[in-house]
Amino acid sequence: MVQRPNIVAVGTIVWLGSEVMFFAGLFAIYFTLRSTNPGAWAEQASILNVPFALVNTIILVISSFWCQFAVFAAERGQAKRTSWKPKDWGVTEWLFLTYAFGAIFVSGQVLEYATLVSEGITFDGDAYGSAFYLTTGFHALHVTGGLIAMLLMLGRVFAVKNFGHKEATSIIVVSYYWHFVDVVWIGLFLVIYVLK
C-alpha cells in the first residue's frame, strides 16, 4: 500500500512557502529603506523600547511551546484534560494558553504602536516609520489570523463527538502556521530592535 503525505499538510507547507516570499519582500523593503535613509534609523531607532519588545518576544516564543504541546495532545487523540496537571492537558487547554499568550503579544504591539505614535514615529512620517509599521504591522495581522484559526480549532474540538485524525491534522497545520509567525518575529526582532 502506498503511503501518501497528508494533502492538507502539504498544502499548508506550500502556502507557507508563499508567505516566506511575502515576508522576504518586507525584509527587502526594510533593508532598502534603511540603506537609503541612515539618518532616520540612527535617530528613531533609539526611541524603541527594546526591553519591552524582548519581553513581548519571549511571550510569543513561549506561546509556540504551548502550541506544540497542543500538537502532542492532538497526536495522542486527547481533546480535553484528564486532570489539572499540565501533563494531562489536552488540545483545548494548550490552545487556550497559546491563544492567551498570542493575544498578549498583539496587545503589546498595540501598546508599543501607541507609544511610538506619541513619540512622533508615524507610518507616513518618514521611511523609518513606514518600514517599521509595514513589517511589524503585517506580522501582527498574521498573528491575529493565527489567533482566529485557533478559535476555529477550539470550536471544532468542542463540536465533534470523537476527536479523530481530521481534527488532529487541523491542529497540526495551525501549529505550522503559528511556528512560522514565531520564527518571522524572531527575525524581525533581531533586525529592528537588535541591529538598530
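Conventions used here
Residues numbered from 1 in each chain as written. Predicted model: local features only at pLDDT ≥ 70, side-chain atom pairs only at ≥ 80, totals over all residues. Heavy atoms only, no water. Helix = DSSP H or I, 4+ residues; strand = E, 2+ residues; numbered from the N terminus. Buried < 20%, exposed > 50% of the residue type's maximum accessible area, 1.4 Å probe, protein only. Lys, Arg positive; Asp, Glu negative; His and termini not counted. Salt bridge = Lys/Arg side-chain N within 4 Å of Asp/Glu carboxyl O. Contact = heavy atoms within 4.5 Å. Expected span 1.5 Å × (residues − 1). Polar contact = N/O pair within 3.5 Å; in protein donor to acceptor, adjacent residues only side chain to side chain. Core = buried A, V, L, I, M, F, W, Y, C linked by side-chain atoms within 4.5 Å. Axes fitted to C-alpha atoms, helices over the stretch in contact; angles between N-to-C directions. Parallel < 35°, antiparallel > 145°, perpendicular 65-115°, else oblique. Left-handed = near helix turned anticlockwise from the far one by under 90°. Nonpolar A, V, L, I, M, F, W, Y, C, P; charged D, E, K, R; others polar.

Participant: So what exactly am I meant to see when it comes to the side chain of E19 here?
Facilitator: Within the secondary structure, E19 sits in helix α1 (residues 7-36). There is no salt bridge for the buried E19, and the closest opposite charge comes from R156, which lies 20 Å off by N-O distance. Each residue touching E19, except ones within four places of it in the same chain, is listed here: H142 and F180.

Participant: Just to check I follow, could you spell out helix α3 (residues 50-76) for this structure?
Facilitator: Because each turn of an α-helix spans 3.6 residues, side chains separated by three or four positions end up pointing in the same direction. Helix length check: α3, at 27 residues, gives a terminal C-alpha distance of 39 Å against a target of 39 Å (1.5 Å per residue), a fit within 8%. Of the positions making up α3, those classed as buried are A53, N56, T57, I59, L60, S63, S64, C67, A70, V71, A73 and A74. Structurally, α3 contributes buried residues whose contacts are with α4 (91-118), α5 (127-159) and α6 (165-194). Capping the start of α3 is the job of one residue whose side-chain oxygen sits 3.2 Å from the backbone nitrogen of F52: N49.

Participant: What should I look at first to understand the nonpolar core in this one?
Facilitator: Considering soluble globular proteins, one finds that nonpolar side chains tend to be buried as a cluster. Counting 53 residues, the largest nonpolar core has F132 and I171 as its most contacted members. Taken together, the elements giving at least two residues each to this core come down to α1, α2 (38-44), α3, α4, α5 and α6. It is α6 that contributes the most residues to this core, 15 residues altogether. Contacts of F132, omitting those with residues within four sequence positions, involve L48, E112, Y113, L116, G137, I192 and Y193.

Participant: In this structure, what is going on with the side chain of D182? I would like to understand it.
Facilitator: Checked against the element boundaries, D182 lands in helix α6. Buried and unpaired, D182 has R76 as its nearest opposite-charge partner, separated by 19 Å. With near-sequence residues (within four places) excluded, D182 lies in contact with L60, V61 and S64.

Participant: What am I meant to see in the packing of α1 against α5 here?
Facilitator: The description of two helices packed together rests on the angle between their axes and the distance between the axes. Running from amino to carboxyl end, α1 crosses α5 at an angle of 165 degrees, the nearest separation of the two axes being 9 Å. As far as their axial angle goes, α5 and α1 are roughly antiparallel. Judged by the twist between their axes, the crossing of α1 over α5 is left-handed. Contact residues: E19, F22, F23, L26, I29, Y30 and L33 in α1; A127, A131, L134, T135, F138, H139 and H142 in α5. Of the residues assigned to the contact of α1 with α5, the class counts are ten nonpolar, three polar and one charged.

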